[in-house]
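Letter by letter, the chains look like this.
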Amino acid sequence: MLDELLRYLRIRKVKPFIFKDVTLCDMGCGAYPKLLLDVSHHIKYGIGIDKNIEPGCQKNLLFKKEHINGTINLPDKSIDIVTALAFLEHLEYPEKIIPDVNRILKKNGLLIVTIPSRYNKPIGEFLSLKLKLIDPEAYRDHKHYYTKDHWERIIGNSGFRVIRSHYWELMLNIFILAKKA
């Protein structure tokens with residue numbers, strides 16, 4: 001139940017940055033690609049990549065069942081916006097994927113990230129493992145928790161200019177909007 005509310009809040013947070021007629025790649029879109037489905041009427045083309053999604057096409061959307069772990073199976077300079085919403089914390093080495101995001105983005109492309117902060121861990125564990133308000137399996141899969149400065153450095157060192165970066169959702173998560181330099 002709480003999972004759906006948190007997903008709704010993340011999508012609401014990023015939608016203002018998804019401009020009309022763009023090509024959007026949602027990394028870690030989940031088995032049900034809600035963001036892509038919500039913006040499909042607004043974008044030119046969308047690609048959802050997740051290890052749990054059913055592969056296929058739906059109108060202007062392509063769903064790819066893949067496990068992302070360092071490289072993204074898309075052509076150079078083919079995407080306007082990449083989103084990674086509550087995704088990077090599930091990767092063993094999430095820092096390695098950011099240079100590849102830069103590779104697939106067009107000039108002035110955007111990267112939009114939401115990721116749990118270090119303050120998230122005790123509260124998230126309580127809500128998921130004790131109260132079961134958040135999917136415990138998904139939460140156990142979290143490999144990392146971060147500070148805003150950590151991700152600003154990684155994204156900045158990977159050829160991006162951070163436009164916005166702040167803690168949100170009671171400091172439990174970090175929002176970053178970056179532009180390809």
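Going by the structure above, here's the rest.
All figures in this text were calculated on a predicted structure; none of them were measured in a lab.

Rules and cut-offs
Residues numbered from 1 in each chain as written. Predicted model: local features only at pLDDT ≥ 70, side-chain atom pairs only at ≥ 80, totals over all residues. Heavy atoms only, no water. Core = buried A, V, L, I, M, F, W, Y, C linked by side-chain atoms within 4.5 Å. Buried < 20%, exposed > 50% of the residue type's maximum accessible area, 1.4 Å probe, protein only. Helix = DSSP H or I, 4+ residues; strand = E, 2+ residues; numbered from the N terminus. Contact = heavy atoms within 4.5 Å. Pairing = 2+ DSSP bridges. Right-handed = clockwise from strand over helix to strand, strands pointing away. Expected span 1.5 Å × (residues − 1). Arc of directions from axis to C-beta. Axes fitted to C-alpha atoms, helices over the stretch in contact; angles between N-to-C directions. Phe/Tyr/Trp six-rings, centres within 6.5 Å; stacked < 30°, edge-to-face > 60°. Lys NZ or Arg CZ within 6 Å of the ring centre and 35° of its normal.

1. Considering the nonpolar core
In a soluble, globular protein the nonpolar side chains are often hidden away together inside.
Link 1 in the chain: Among the nonpolar cores identified, the biggest contains 29 residues, and Met27 and Leu88 are the most heavily contacted of them.
Link 2 in the chain: Looking at this core, the elements with two or more residues in it are strand E1 (23-27), strand E2 (45-50), strand E5 (79-85), helix H3 (98-104), strand E6 (105-116), helix H6 (148-157) and strand E8 (173-180).
Link 3 in the chain: The dominant element in this core, judged by the number of residues it contributes, is E6, at four residues.
Link 4 in the chain: Excluding its chain neighbours within four sequence positions, the residues that come into contact with Met27 are Ile49, Ile68, Ile72, Val82, Thr83, Ala84, Leu85, Phe87, Ile97 and Val101.
Link 5 in the chain: Counting residues in each nonpolar core, the second largest holds 21 residues, with Ile11, Val14, Ile43 and Leu61 among its members.

2. Considerations on the pairing of E6
Link 1 in the chain: Across the twelve residues that make up E6, a large majority, nine, are buried.
Link 2 in the chain: For E5 and E6, the ladder comprises six bridges, and the chain directions are parallel. Across the sheet, Ile81 pairs through a bridge with Leu110, a residue of E6.
Link 3 in the chain: Handedness of the crossover is the feature at issue here: the chain leaves E5, passes through H3, returns alongside E6, and the resulting connection is right-handed.

3. Examining the side chain of Ser117
Link 1 in the chain: Within the secondary structure, Ser117 sits in the loop between E6 and helix H4 (120-130).
Link 2 in the chain: The exposure class assigned to Ser117 is buried, which follows from its relative accessible area of 0%.
Link 3 in the chain: For Ser117, the residues in contact, after removing those within four places along its chain, are Tyr145, Tyr146, Tyr167, Met171, Leu172, Asn173 and Ile174.

4. Quick notes on helix H1 (residues 2-14)
Link 1 in the chain: The end-to-end C-alpha distance of H1, which contains 13 residues, comes to 19 Å, matching closely the 18 Å that a straight helix rising 1.5 Å per residue would cover.
Link 2 in the chain: Burial in H1 covers these residues: Arg7, Arg10, Ile11 and Val14. Buried residues along H1 cover an arc of 95° about the axis, so they all sit on one side.
Link 3 in the chain: Taken together, the buried residues of H1 touch helix H2 (34-39), E5, E6, strand E7 (160-168) and E8.

5. Details of the sheet that holds E2
Link 1 in the chain: The sheet built from eight strands is open, its strands ordered E3-E4-E2-E1-E5-E6-E8-E7 with mixed pairing. Only two strands of the sheet have a single neighbouring strand rather than two, namely strand E3 (56-58) and E7. Sheet twist, expressed as the mean angle between neighbouring strand axes with direction ignored, is 15°.
Link 2 in the chain: Note that E3 and strand E4 (residues 61-65) share three bridges and pair antiparallel. Bridge pairing in E4 places Gly56 opposite Phe63.
Link 3 in the chain: The strands touched by H1 within the sheet are E5, E6, E7 and E8, with E7 carrying the most contacts at an inclination of about 140°.
Link 4 in the chain: The sheet contacts of H6 involve E6, E7 and E8, and relative to E7 the element is tilted by about 165°.

6. Re the packing of aromatic side chains
Link 1 in the chain: Under the definition given, this model contains four aromatic pairs.
Link 2 in the chain: For the pair Tyr139 and Tyr145, a centre-to-centre distance of 6.4 Å together with 40° between the ring planes defines the contact as tilted.
Link 3 in the chain: By relative accessible area, Tyr139 is classed as buried at 7%.
Link 4 in the chain: On the numbers, 5.2 Å between centres and 75° between planes, the contact of Tyr146 with Trp151 is edge-to-face.
Link 5 in the chain: Of the residues examined, Trp151 reaches a relative accessible area of 0% and is grouped as buried.
Link 6 in the chain: Here Lys13 stacks its cationic end above the ring of Phe175, 4.9 Å away from the centre of that ring.
Link 7 in the chain: Between the NZ or CZ atom of Lys96 and the centre of the ring of Tyr93, over which it lies, the distance is 4.8 Å.

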